[in-house]
Every structure is written in structure tokens, then in C-alpha cells.
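Each chain, letter by letter, is given below.
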Amino acid sequence: MNRPIWPASLLLAATMLAAGCGSTVSRAAAPASPAAPPSLATSLATTTGTWAVAVMGGSAASHNNFWQLFVRPAGTSTWRLATPPGVASNGGLVLTGLASGSVLAGFRPSQDLAYSPLATTKNDGKAWSPGLLDAGLADVPGALAADPASGRLLALLTTGTTEMSGPGGTTWTRLVTRRALAASAAGTRCQLDSVTADAFSPSGQPLLGAGCGRPGIAGVFSYTDGRWQLTGPALPAAYAHQAITVLRLTTTGHSTSALVAAGTSSAARLLAAWSTDGGRHWTLSSPLPLGGATLTSASPGPDASLAVTLSNRRAAAITSPVGPWRQLPTIPPGTATLAPGPTGGWNALAVRGTQLTIWKAATSAQAWTSAQIVKVPVQFGSSG
Amino acid sequence: MNSGINVNDPTVVAAFKTALVHQGIIALLIFALLGFAWITVRAWLPAAQAGTAAGPGSLSAPAAEPSWRQLLRIGFGLLWVFDGILQAQPKMAIGLPSQVIEPAAASSPHWVQVVVNWAGTTWSYHPMQAGASAVWIQVGIGIWMLASAHGPASRLAGLASASWGLVVWVFGESFGGIFAPGLTWLFGAPGAVLIYMVAGGLIALPERTWHAPRLGRAVLAGLGVFLAGMAVLQAWPGRGFWQGLSHGQQGTLAGMTSSMAQTPQPGFLASWVGAFTTFDEAHGFAVNLFTVVVLAAIGAAFVTGQRRLVRPAVIAFTVLCLADWVLIEDFGFFGGLGTDPNSMLPFALLAVGGYLALVQAPATVAEPATAEPAAAGWRERIRPASVRRSVATASIRSVAVAGALGLIILGAAPMAAAQASPNADPILAEAIAGSTAPLNFAAKPFQLTDQHGRTVSLASLHGKVVLLTFLDPVCTSDCPLIAQEFRAAGQLLGVSDRKVELVAVVANPIYHQIAYTQAFDRQERLTQTSNWLYLTGSVPQLQQVWKDYGIAAQILPAGSMIGHPDIAYVIDQAGQVRAELNTDPGPGTVATKSSFAVLLANAARTALRSS
């Protein structure tokens, strides 16, 4: 009679032990890779004004995070709220400059909205006209790009596909999927991992930034004559064994700039690269060691300058390849991003709940000084 | 998995109470009718008379039930009844998936969550029927076990206990959490209901096995091996049980008990558990050492099967179980939604039962041979004379068993019927949206453009029932859910959908062009829904329709979507507005979406009937 009992008992005890032995204490969290693209918080300088994107409000989990767009019209030093109305911005906002100082904003998908409404302004955000991208924009600050000359747009999607529109944002067509790019000769050379940014070259060629699986390769792809070519900046031999990711691509005037992350963990560093011929030749900056911090925002400024903020409240800016990265004063708490100042230097946009504080620092300043406070009427619970 | 509705929702709580009261009345009627029938039959067919009809194969006097079996049968019968009563807590209908099943499965592997998720979703689709079925099935099994001491009915009761226990152990307790980290006997591993199953299996054993002392030895040995395994697990390093309070961080046991002490319960109980937590924080190592040593020693004693060792071990184990039940498990059913008194009482019952089976003297083994009614085959048993004899000689226990079976059927039948429908109970939608407001006035005419660019007027829909709502095509939350509910309602209407038109009007003054209605339709897979119309027009046209139907489409600042009410109107075939439904989708779970679809489809059917 005890036969049916014994095996069951042993099995039960063994199961208990196996289950218990399988349980472990939680592992220490792995350090965040600096190769991840920065947040959507960024700025954009156009001929008619300077724009900045930052997230405000409450927690994303309860859908109380609302991305806001601010503008400081040219010739003024005052920022104001300019978030396009009519769509919930919980998923994020992506910006790009159009011709004549117009600006295009794209809403990233959130909750049950799977595609990206667009909005264009010609008057510094006083009025917006709607547009449509029937797909979801990727969660990178460079997901939208425009060629001011032709009016064509590029959109990097959540799927890794890139779409291109006709003039004025009409008739979107697929330019390339991530898989197709990876399968191309250029993609194979790079061992494409992810597509992270898009831009047009000054001459109107589509450019894509990417993370490469092959160490030492910077993934900037140029679409020329119906073929994708790997035109990324050649990196020095010191980076030959390091993971390389292109984090941002921006074209301003006649110059395309790329922000590149090399290495991981405490050895990671940032490099800026500039090209004026669509990526055929690049000039590389000196490296900016991250010292274990992660990149939190990257902001292109006028004349192909670039400013970055790091997770340890450090910030740095670079204006040209000949000069080094210049350390900025320790950024104020809550700084979401930097934006070019009205008279040189940089503004730091710091968020605390529904309040945006603008801090300014002149080029050689040792500290930030408070310049303006913008209170934003966030509608808590409106997206829940 | 869960419906997402507040566990205290007054609509659901009231409906659950009403369902229980109604079914309780039916349960009383079952027992009353059975009792009446029993008395009547006994009056008409006296046992003596019936006995004269007895032929070969008549039932002999049953064997005396051994004390270990009696203990298990009555003990676990009472536990099932108590568990059934706990299932009748008002919050249980909505709360079981969200507050019991989901937390239990949260730390288990994915495959466990998939299995448990299926059960949780099933429950959340039919919370009334599921909640009530758990009450009556468990009370029924309990009464069945209590009332049935002998024969096949008694063994079947054990089998029913084991079978239902398996359902509860898998789906309600996520396999007792044995695949989750942090497993410990102190807190209920391997799941209380697994012990119910073991006990049920023992009760279901044939009568010829009742009196063999090997049975008790086997039960104790099995329990001993299990306890030894639990001792090893308890001693395993890195699981936090050796730690009391270190650098302000509570060890695993102190963390568990302190959270238990914070659950709603009588103050003195909380203070007992709190005191134990303080003691464990100060002497965590010693507490765990004591636990490991005692579990191992008791386990070893049980495995030996020697009476002189087993007796003190059973006493020690019972004391340990009671102490654990009070100080660590906190009685198991206080706070949150307790479904049973946890594992310590079942463990103690099993150990004592095993001991009694071991030590019962051979002298008490009474008349084992006379218990065999084997001579009576099933053909003999169903002869009218045999049936008459059985009925006439039935005891009050038999009536109770029949009543218990009635209770089980009372619980299981409605749940089985509900399961036959893939759609959720509309009570969920009513709980979110409130009751439907009946109306009767002429619908205001409109003329707009559909998603294909065709002009559509309300007049052109004359002769059809129109479910009319207002949706923002770039809305991120409610509107997509409402659209899915409309699509599901269309599917539910089936052949009737040719007489029903599902109509939405754009509720966004900025993003209102046809490109958005088309993108929205693609997003919500409405392009293949033939009776779906998503209408738009110029802003003045839309504003007129909004005004006529009491809709305010408000542009809100700072990244908010358009504010507008979630409303649907039911317009009958004659163009009369028959009802207004609040379509705020609430949590938007699969259960609530299905429930809203049923509500909308029912509203359309009602309008079709009334036209």
C-alpha cells in the first residue's frame, strides 16, 4: 500500500528542493550601456527660433508624463510653451526643421495609438496644421529629418524601417527596412544591429545612423544611386575593438554632424564627427570620456555645434573639430536638455513637475543662473 | 487576467450578494425537498417492509470507519465548508483574479503564468457565476465528506475533494507556488490545497485498505521525507532565511511576517505577528536554525515509523503547526481576500491522521469481511425492489449527501453554462458605465462623409438600428477601445448586423480629415467591418453634430488629447433615439471589452425588437 505514497513523497520533496534551489537573490543590475540613443529631450535651432523638447508632469506608468515643446523666437530671450494641440504627447515628440524656419513635430505612438500624427508650424508654434505618418515613429530624437531644399521628409519607424515622403510630407513610401539594410553589402560590412538616426545630407541624400555589430565601425549609411553605402567616419585604430554606435545625425546648413559612442561601461566615450560632402570625408573630434555616466541628451546648436548632458550632471559642448570638448558648469537638478542661448552660450532647461526653469550660462561662465520660469498647465489624468 | 474593476464595485458586489442569496434559497429548497421526500418515502415504505423484499446480496452492516479516516474526513470536510464560506466574501467575485490568483502567479515562471492567466481570464469573464460556483462546490464537497462515512459515496467524496483540490491548487494557488522563488514550508508550501488532495486521496482508498498499519507508516514516511526536504530548503544559503535584520534590511521571514501584520485583522493578532517579526529581526539566525533542526528531526522521526519516536514527533509537529499558523501564517484568511486558513491545519490533520492509522490496534479492526456487498451486482441494485429498499433504508446522512450533490450541481451548472459563451458578463460594463438611460426622441439629422469619401446622412440609414458614438481618430486610450467594442458588438450581432449600422463621428476639431479616419480604421482592424461608418466633415459640420448630440470636443493644452465624453446613442429603425449608453471603457481589459460588446449588442437587439 505504501508504494503509491513513497514515489509521490520523494517526487514532491525533490520538486520542492529543485524549486527552492532555483530561486536566487536578485542579481546586481548591469551598468547601463552608453551606446543607447539619448532621450527625446533635445533642442533645435532654426532661422526663426530655438526649440526644445522636454517631458513634464508625472509618471509614465500612469500616463501622466506629457512631452512639451518650447520655443524661443529669434531675437528674444523668452521661452514659451508651443506644444501642438489635439494629440496626447505621452509617447514623446520628435522635431525637425523645414524650409523658411518652419518646424515639423511628430507625435510618437502611445497606449493604443499606433501611428504618428504630425504637426507643422510656420509661425513659431502659434498655429499648427495637421499631418499624418501612418506608422509609429521610433523612440529616438533623430526619428524625423527634412531636406529643406526638396521638402522631402525621412521618418525612422519603431520597426527600424525608414520611410521617405514626397515634398511637403505627402505620400510616404518605404525607403528601406532594417532587415534590407542589414542584408545590403554595406549593412553586412557593419553587421548592422540597429538603426538609430536619420538625416539628409546637404545635397539631399538620405543618411542613416546605426549601431554596428562589428567593432570599430561607425555606421553612417548614405543612399546614393539606389545603393546604400557605408560612409561612416573612419575611426582611429584605438577604437578597432570597441562597440560603436551612431547616436545622432544632424544636418545644419552645409554640414552634417554625427555623435558617436565608442566602447561600453566606464571606458565609453563620445566622439563628434563633421562632414560637408555627404559623408565622404569626416573630421573627428577629440573623445569625451563618459567616466561611467550615460548620455541623457544631445542637442545640436548653430554652426554644427553640439552639446550633451550626462547622467552625473555633467555637460559638455563642442563647436568645431579643432577645439576640444568644453566642460560646462554642473547642470542644475532636473536638467532635461541644453539649448543654444540667445547670445551665445547655452540654456539649460530643467524640469520639476509642471515647472520649467530656464538656466543660462555664457560661453565662459562658471555657473548657471536662473533666467525664466515657465509653468505648464499639464492636464493630469487626461490620458489615463 | 483580471477584469480591472474595483473589487468593491457596488454594482458587482450587490449582484454577487443577490446571486448568492438566490442560490442559497435554492440550496435550502433542495435540502427541504429531499428531507420531505425522505420522510414521505419512509412513511410509505417502512424499512421493515422494504427489508422483506431483501433478497440475496442485500447490504451488510458497514465496517467501522477507522479513527484516522474519520479525522481526515471530518477535518477536511469542515475545511471545505469554511473555504466555501470564505469564497462568499462580497469582494471575491471581482477580487479573486486580481488579489489572489495574479499575485500568487506573479513570481512564478512564464508557463505557470500562462496556465493561471487562462483561469483568471475565464473567471473575470463570468465573475458572478465563477464566484458563486466556488462557494457551492466547496460547501457541497464539505457537506458530502461530513455526511458520508461509508461506502462508494464516501470514497467518491474523497475523490471529489482531491479533484477540486487539484483545480484550486493549479489555478488558484499557482501550483502552490512551488515553482516560484522564496518557497518555504513556514509560509504554506507546497500549497494548502495539495494537502486537501492527499487527504482526499486517502479517503478515496478502498475499505479493505483502511485497517492496514502500513498505510499510516506510509503517510508519515511521505510527510517525513517532505519535511526533511523542506528543512534542507530552509537551510539553503542565499535565500534570506538566516537573516533577521541586517543594515536595516529585513530577512525573508521577517519581511513576510511584517507584511502579514499590516493586513486588516483584529489588533491582538497583528500584535502577535508583529511581536514575532521583532523577535525574528533580532534572532533571525536562531529562528531559522530552530526551524531547520525541528523540521529535520520531525521528518526523521516520521520516516522511522517507530511509535515511540512518532508519538512525540506528532505532538511537536502539531504544536509547531499551530504556532506557525498563528504567528507566521496569521491564520491565513485575514487581510486581503483569504480563501482558506492556509497549510498548517491541513498539515497537522494529516500528521495526526497518519499517526492514528499507524497506532490503531488490530483489535479495533472490526468485521472487515462483512463490508463487502459484492454479491449485489449493478443490475440487482437498479431493480425497482432494490431501489425501493435502498430508499426506504436511507439514513439522514444519505439525504445530506444527496443535498450536497445538489449544491455542487447548483454551483457547477451555471458556471458550465456561462463557459459555453465566449462573451463576458455585461455586468462588468454596467459596473463601469452605470445603467442605460432609456430615451425616446427623434434623432437630429446630419450629413457627413464616411471613411471612403461617400456622403452619409442619418436619413440614408433609415430602416436600420444605428449605434452612434463619437471617436477621436488620434486618441490614445478610450476611443480605440470603444472602436474594438463596436467591432466585437458587430460580430456578436451576426446575421442581425445587416439591420444595424455601427457609426462613429470624428470628435477632434484638428485631426478630422479622412486620412485620419482611414488610419484609425486600419489601426483598429475595422476596414473589413461592412456595417462600420466613421464619419467626418468640416469643422462647422462636425460642431453642429456635436452640438445636436450634446458632445463637447474640447482642445486641452500641454500635450493632452481632445476632451470629449464617451457616449453612444441607440437610434431605432424609425430614427428615434432609444437609449444613451456611457461607453467609458474603464480599464479596457479583455473582459471589460467583451462585456461592453455584449452590452452594445444587447442594446441594438432591444432596439430591433422595439422598432
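Residues numbered from 1 in each chain as written. Chains lettered and ligands numbered in written order. Predicted model: local features only at pLDDT ≥ 70, side-chain atom pairs only at ≥ 80, totals over all residues. Heavy atoms only, no water.

1. Overview of the overall build of chain B
Okay, so step 1: The number of helices and strands found in chain B is 22 helices and ten strands.
Okay, so step 2: Along the longest, intermediate and shortest principal axes, the C-alpha atoms of chain B span 95 × 80 × 40 Å.
Okay, so step 3: Total accessible area on chain B is roughly 24700 Å²; 65% of this is exposed by carbon and sulfur atoms.
Okay, so step 4: In chain B, 32 side chains carry a positive charge and 30 a negative one; their mean positions are 14 Å apart. (Helix = DSSP H or I, 4+ residues; strand = E, 2+ residues; numbered from the N terminus. Areas by Shrake-Rupley, 256 points an atom, 1.4 Å probe, with all protein chains shown as cover. Lys, Arg positive; Asp, Glu negative; His and termini not counted. Charge placed at Lys NZ, Arg CZ, Asp CG, Glu CD.)

2. Let's talk about the overall build of chain A
Okay, so step 1: Looking only at helices and strands, chain A features three helices and 29 strands.
Okay, so step 2: The C-alpha atoms of chain A give a radius of gyration of 23 Å, which matches the 21 Å a tight globule of 384 residues would have.
Okay, so step 3: Each principal axis of the C-alpha distribution contributes one length, and for chain A these read about 95 × 50 × 45 Å.
Okay, so step 4: A buried classification covers 55% of the 384 residues belonging to chain A.
Okay, so step 5: Long-range pairs, those at least 24 residues apart, make up 43% of the contacts in chain A between residues at least 6 apart in sequence.
Okay, so step 6: Separation of charge centres in chain A, based on 23 positive and 11 negative side chains, amounts to 10 Å. (Rg over C-alpha atoms; globule rule 2.2 N^0.38 Å. Buried < 20%, exposed > 50% of the residue type's maximum accessible area, 1.4 Å probe, protein only. Contact = heavy atoms within 4.5 Å.)

3. Focus: the state of the cysteines
Should the sulfur atoms of two cysteines be covalently bonded, the bond is a disulfide.
Okay, so step 1: For the coordinates displayed, the defined rule picks out one disulfide over all chains.
Okay, so step 2: Put simply, Cys 190 of chain A and Cys 212 of chain A are joined by a disulfide, and their sulfur atoms are 2.1 Å apart. The S-S bond linking Cys 190 of chain A to Cys 212 of chain A shows a torsion near -105°; that makes this disulfide left-handed. Remark: Cys 212 of chain A occurs in strand S14 (residues 206-212) and Cys 190 of chain A occurs in helix H3 (residues 185-190); sequence separation between them is 22 residues.
Okay, so step 3: For Cys 190 of chain A, a relative accessible area of 0% translates into the label buried.
Okay, so step 4: Residue Cys 212 of chain A is classed as buried on the basis of its relative accessible area of 8%.
Okay, so step 5: Cys 475 of chain B takes part in no disulfide bond, and the closest cysteine sulfur, belonging to Cys 479 of chain B, lies 3.2 Å away. (Disulfide = S-S within 2.5 Å.)

4. Comments concerning the packing of aromatic side chains
All names here are of chain B.
Okay, so step 1: In total, this model carries 25 aromatic pairs over all chains according to the counting rule given.
Okay, so step 2: Measuring from centroid to centroid gives 6.1 Å for Phe 470 and Tyr 549, while their planes differ by 45°, and the two rings are tilted. Here the residue Phe 470 occupies a position in strand S6 (residues 465-471), and Tyr 549 occupies one in the loop between helix H21 (539-548) and strand S9 (567-571), the gap between them amounting to 79 residues. Here Phe 470 and Tyr 549 have matching classes, each one buried.
Okay, so step 3: Measuring from centroid to centroid gives 5.2 Å for Phe 520 and Tyr 534, while their planes differ by 65°, and the two rings are edge-to-face. Of this pair, Phe 520 sits in helix H20 (residues 514-523) while Tyr 534 sits in strand S8 (residues 532-535), placing them 14 residues apart in sequence. No difference in accessibility class separates Phe 520 from Tyr 534, as the two residues are buried. (Phe/Tyr/Trp six-rings, centres within 6.5 Å; stacked < 30°, edge-to-face > 60°.)

5. Quick look at a nonpolar patch on the surface
Okay, so step 1: A cluster of nonpolar side chains, Val 21, Ile 25 and Leu 29 of chain B, forms an exposed patch at the surface whose accessible area comes to about 280 Å².
Okay, so step 2: Inspection of the secondary structure assignment puts Val 21 of chain B in helix H1 (residues 10-44). (Patch = residues over 30% accessible without salt bridge, like charges linked within 9 Å, V, L, I, M, F, W, Y side chains within 5 Å. Salt bridge = Lys/Arg side-chain N within 4 Å of Asp/Glu carboxyl O.)

6. Description of the nonpolar core
Okay, so step 1: If you look at the biggest cluster of nonpolar residues, it comprises 134 residues, and the most contacted ones within it are Trp 51 and Phe 221 of chain A together with Leu 468, Phe 470, Leu 471, Val 505 and Tyr 549 of chain B.
Okay, so step 2: The element that contributes the greatest number of residues to this core is helix H22 (residues 590-610) of chain B, accounting for nine residues.
Okay, so step 3: Among the nonpolar cores identified, the runner-up in size contains 107 residues, and Phe 76, Ala 93, Ala 192 and Phe 226 of chain B belong to it. (Core = buried A, V, L, I, M, F, W, Y, C linked by side-chain atoms within 4.5 Å.)

7. Comments concerning the interface of chain A and chain B
Okay, so step 1: Residue-level contacts link 46 residues of chain A with 53 residues of chain B.
Okay, so step 2: Approximately 3900 Å² of surface area, both sides summed, lies buried where chain A meets chain B, with 68% of it carried by carbon and sulfur atoms.
Okay, so step 3: Our count for the chain A to chain B interface comes out at one salt bridge.
Okay, so step 4: Asp 134 of chain A serves as the salt-bridge partner of Arg 522 of chain B, at 2.5 Å between the closest nitrogen and oxygen.
Okay, so step 5: Where chain A touches chain B, the interface holds eleven residue pairs in polar contact (both at pLDDT 80 or more).
Okay, so step 6: Listed by contribution, the elements that provide at least two residues to the side of chain A that touches chain B are helix H1 (5-22), strand S3 (65-73), strand S7 (116-121) and strand S8 (129-133) of chain A. (Buried area = accessible area lost by both parts, 1.4 Å probe. Polar contact = N/O pair within 3.5 Å; in protein donor to acceptor, adjacent residues only side chain to side chain.)

8. Side note on the sheet that holds S3 of chain A
Residues and elements named next belong to chain A.
Okay, so step 1: The strand order S1-S2-S3-S4 describes an open sheet built from four strands, whose pairing is antiparallel. Edge strands, defined here as strands with exactly one partner in the open sheet, are strand S1 (42-45) and strand S4 (80-81).
Okay, so step 2: Of the pairings in the sheet, the one linking strand S2 (residues 49-57) to S3 comprises nine bridges and is antiparallel in character. What sits directly across from Met 56, in S3, is Phe 66. (Pairing = 2+ DSSP bridges.)

9. Overview of the side chain of Asp 124 of chain A
Okay, so step 1: Here Asp 124 of chain A lies in the loop between S7 and S8.
Okay, so step 2: At 3.5 Å, the side chain of Asp 124 of chain A and the side chain of Thr 48 of chain A are in polar contact.

10. Structural notes on empty space enclosed by the protein
Residue and element names in this part refer to chain B.
Okay, so step 1: Overall, the coordinates contain two cavities of 30 Å³ or more when judged by the stated rule.
Okay, so step 2: In this structure, the largest cavity occupies an estimated 40 Å³ of space.
Okay, so step 3: In this structure, the largest cavity is lined by Trp 68, Leu 72, Leu 202, Leu 215, Gly 216, Val 219, Leu 350, Gly 353, Gly 354 and Ala 357.
Okay, so step 4: Listing elements by their share of the lining of the largest cavity, those giving two or more residues are helix H3 (67-87), helix H9 (213-235) and helix H14 (344-359).
Okay, so step 5: Of the residues forming the lining of the largest cavity, the biggest block, four residues, is contributed by H14.
Okay, so step 6: Residues of the lining of the largest cavity, tallied by class, amount to seven nonpolar, three polar and no charged. (1 Å grid on protein atoms, 1.4 Å probe; cavity = no way out; pocket = protein on both sides within 12 Å on 5 of 7 lines; lining within 4 Å. Points joined across faces, edges and corners; volume = space filled by probe spheres on them. Nonpolar A, V, L, I, M, F, W, Y, C, P; charged D, E, K, R; others polar.)

11. Concerning the confidence of the model for chain A
Okay, so step 1: Looking at chain A, pLDDT values average 87 and 91% of them are 70 or higher.
Okay, so step 2: Across residues 1-34 of chain A, confidence stays below pLDDT 50; counting only partners more than four residues off in sequence or on other chains, it has 53 contacts. (pLDDT = per-residue confidence, 0-100.)

12. Quick notes on H21 of chain B
Residues and elements named next belong to chain B.
Okay, so step 1: Of all the positions in H21, only Leu 542, Val 545 and Trp 546 are classed as buried. When H21 is viewed along its axis, its buried side chains cluster within an angular range of 100° and face the same direction. Opposite the buried face of H21, by more than 90 degrees, sit the exposed residues Pro 540 and Lys 547.
Okay, so step 2: Buried-residue contacts for H21 involve strand S4 (447-449), S6 and strand S7 (500-506).
Okay, so step 3: Once H21 finishes, Gly 550 follows within two positions and takes phi at roughly 70°, a positive value. (Arc of directions from axis to C-beta.)

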